[in-house]
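# Architecture at a glance
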Amino acid sequence: MYSVYQHWNPLKTCIVGRSYPPEYYQWIKNKKTRSLFEKIARETEEDYQNIIKKLKEFGVEVLRPELPPYEAFKESFPPPPMNPRDYMVMIGNKFYLNWECLDFDHWYFNNRKNEISCKNPEQLKQLNPDLYVEWQNYVTSKPLGNCYNKIIDQIKEKGNTVKTFWHHALNGAMVTRIGKDLYFGTIDNEEYTDFTQEKLDVEFPNTRNHIVLLEGHSDGTYCPVCPGLIVSLKDIPTYENTFPGWEVVYLPDQSWEKVQPFMDLRDKTGGGWWIPGFEYDDNVINIVETWLKDWVGYVEETVFDVNMLIVDPKNVLVFNYNKQTFDAFERHGITPHIVPFRHRYFWDGGIHCITCDIHREGNMDDYFADTL
């Protein structure tokens, strides 16, 4: 049976995401725009393959979601399954799928945002049964609806329980697994009222469950790399309470604010790079060219991402170099392995996001038995 109790235990089985190949952009009529997206597609898969090669060097079994053929798409291309971590997580030997994995979120925001306001399919069923039926039909026929099916079947064949959970924050980007202690992040403070301690304690009765108030994905804010070491973008005062005695390497100059001009430029398209209709848009061409010409070197030289993938207690995969962090790795006997992902912010996915560990060696340990 698959299981994950600590995210630094030796990694054995891992999902690696997938983007669209170059031929999926054949619908773009403007040759210049099409060639730019084809270039991004080629380089993205090259970087995926480099990551896969490194994982296999450590003996890790790699699983990947499948894409339907180009002909399966009719009117638009939904976002590809690049970031499995954002929609799923293995906690102990239970595998949790977020309802957003069914593309409800994308469907709602792209097609029905002016018709109804709701947070999940069950709420939609109560508020608007007819629209709920329409959504079910949509999910059933949606090309990406089954891209993880073979992986989920493999997990079930191992004997694991697969559950769809009630809250969007229960995914690998928001949950930190430290043995007996689970840390659940929140997108904003108002969300705390929906994400209650009582519900978590019922679902996870054998762990100490902590809610951490953040403003975004946990794995984009901090990373407990090994017992005794945390790398963080924010100086969170509660570290001394939640991780007593641990070294915290704080990187105040590495943050989203540093790349905000590029993000503002990208967001002019609404993030809809694969939605037909912009192929003659000179602004979009300018945006993509800017990312291709200026962005890659900027990120490699300037921004260190705390979004890391830990292979085992002595090895970690990172996107680039940072002296302060690498010095801390050396103090703790950790070897960093640089595996670039050139279009990381274009696709909005760090190496932790674009992978999802579903099996690691080891059982549940208790690191704070005498302190928490």
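The following refers to the structure shown.

Here is what the cut-offs are and how they apply
Residues numbered from 1 in each chain as written. Predicted model: local features only at pLDDT ≥ 70, side-chain atom pairs only at ≥ 80, totals over all residues. Heavy atoms only, no water. Helix = DSSP H or I, 4+ residues; strand = E, 2+ residues; numbered from the N terminus. Buried < 20%, exposed > 50% of the residue type's maximum accessible area, 1.4 Å probe, protein only. Contact = heavy atoms within 4.5 Å. Areas by Shrake-Rupley, 256 points an atom, 1.4 Å probe, with all protein chains shown as cover. Pairing = 2+ DSSP bridges. Axes fitted to C-alpha atoms, helices over the stretch in contact; angles between N-to-C directions. Polar contact = N/O pair within 3.5 Å; in protein donor to acceptor, adjacent residues only side chain to side chain. Salt bridge = Lys/Arg side-chain N within 4 Å of Asp/Glu carboxyl O. Arc of directions from axis to C-beta.

From N to C terminus, the protein chain includes 11 helices and 15 strands. Taken over 372 residues, the protein chain has a buried fraction of 55%. Here the analysis covers contacts within the protein chain between residues at least 6 apart in sequence; of these, 71% occur between residues at least 24 apart. If you sum the accessible surface of the protein chain, you get close to 16,800 Å²; carbon and sulfur atoms cover 47% of it.

To continue, consider the sheet that holds strand 2 (residues 61–63). Reading across the sheet, the three strands line up as 2-1-15 and stay open at both edges, with mixed pairing between neighbours. Looking at strand neighbours, the two that pair on one side only are strand 2 and strand 15 (355–360), the edges of this open sheet. With direction set aside, neighbouring strand axes in the sheet form an average angle of 25 degrees. Alignment of strand 1 (residues 11–16) against strand 15, held across five bridges, turns out to be antiparallel. Each bridged residue has a counterpart across the sheet, and for Ile15 the counterpart in strand 15 is Cys356.

So, on to the environment of Lys56. Its location among the elements puts Lys56 in helix 1 (residues 31–57). Separated by 44 residues in the primary sequence, Lys56 and Lys12 place their C-alpha atoms 9.6 Å from one another.

Time to look at the side chain of Asn171. Among the secondary structure elements, Asn171 is positioned in the loop between strand 5 (161–165) and strand 6 (175–178). Judged by its relative accessible area of 3%, Asn171 is buried. Side-chain polar atoms of Asn171 contact the backbone nitrogen of Ala173, separated by 2.9 Å. In this view, Asn171 contacts Arg85, Asp86, Tyr87, Met88 and Val89; residues no more than four positions away in its chain are not counted.

On to the sheet that holds strand 10 (residues 229–232). Read from one edge to the other, the open sheet built from three strands follows the order 9-10-11, with strand pairing classed as mixed. Taken across any chain shown, the strands that pair with only one partner, and hence form the sheet edges, are strand 9 (222–226) and strand 11 (247–250). Taken pair by pair, the neighbouring strands of this sheet meet at an average axis angle of 25 degrees, ignoring direction. Together, strand 9, strand 10 and strand 11 form the strand contacts of helix 10 (residues 323–331), whose direction differs from that of strand 11 by roughly 160 degrees.

All chains considered together, the criterion is met by 17 salt bridges. Note that Arg208 is salt-bridged to Asp366, the shortest N-O span being 2.5 Å. Placement of the pair is Arg208 in strand 8 (residues 208–213) and Asp366 in the segment after strand 15, with a sequence separation of 158 residues. Residue class for Asp366 comes out partly exposed when judged on its relative accessible area of 36%. Measuring nitrogen to oxygen at the nearest pair gives 2.4 Å for the salt bridge that ties Glu247 to Arg331. Separated by 84 residues along the polypeptide, Glu247 in strand 11 and Arg331 in helix 10 bring together distant segments of the chain. Relative accessible area serves as the criterion here: at 54%, Arg331 is assigned to the exposed category. Linked through salt bridges whose partners overlap, the residues forming this network are Lys39, Glu43, Glu46, Asp47 and Arg342.

The next subject is the environment of Leu55. Along the chain, Leu55 falls in helix 1. Overall, the relative accessible area of 0% leaves Leu55 in the buried class. The spatial distance from the C-alpha of Leu55 to the C-alpha of Thr13 is 9.5 Å, given a sequence separation of 42 residues.

This brings us to helix 5 (residues 149–157). Taken as a whole, helix 5 has its buried residues at Ile151, Ile152 and Ile155. Projected down its long axis, helix 5 shows its buried positions confined to an angular sector of 100 degrees, all on one face. Along helix 5, exposed side chains directed more than 90 degrees from the buried face belong to Lys150 and Glu157. On its buried face, helix 5 sits against strand 1, strand 2, strand 3 (88–91), strand 4 (94–98), strand 5 and strand 15.

A few words on the side chain of Thr207. Along the chain, Thr207 turns up in the loop between helix 6 (197–203) and strand 8. One polar contact links Thr207 to Asn209, side chain to side chain, over a distance of 2.7 Å.

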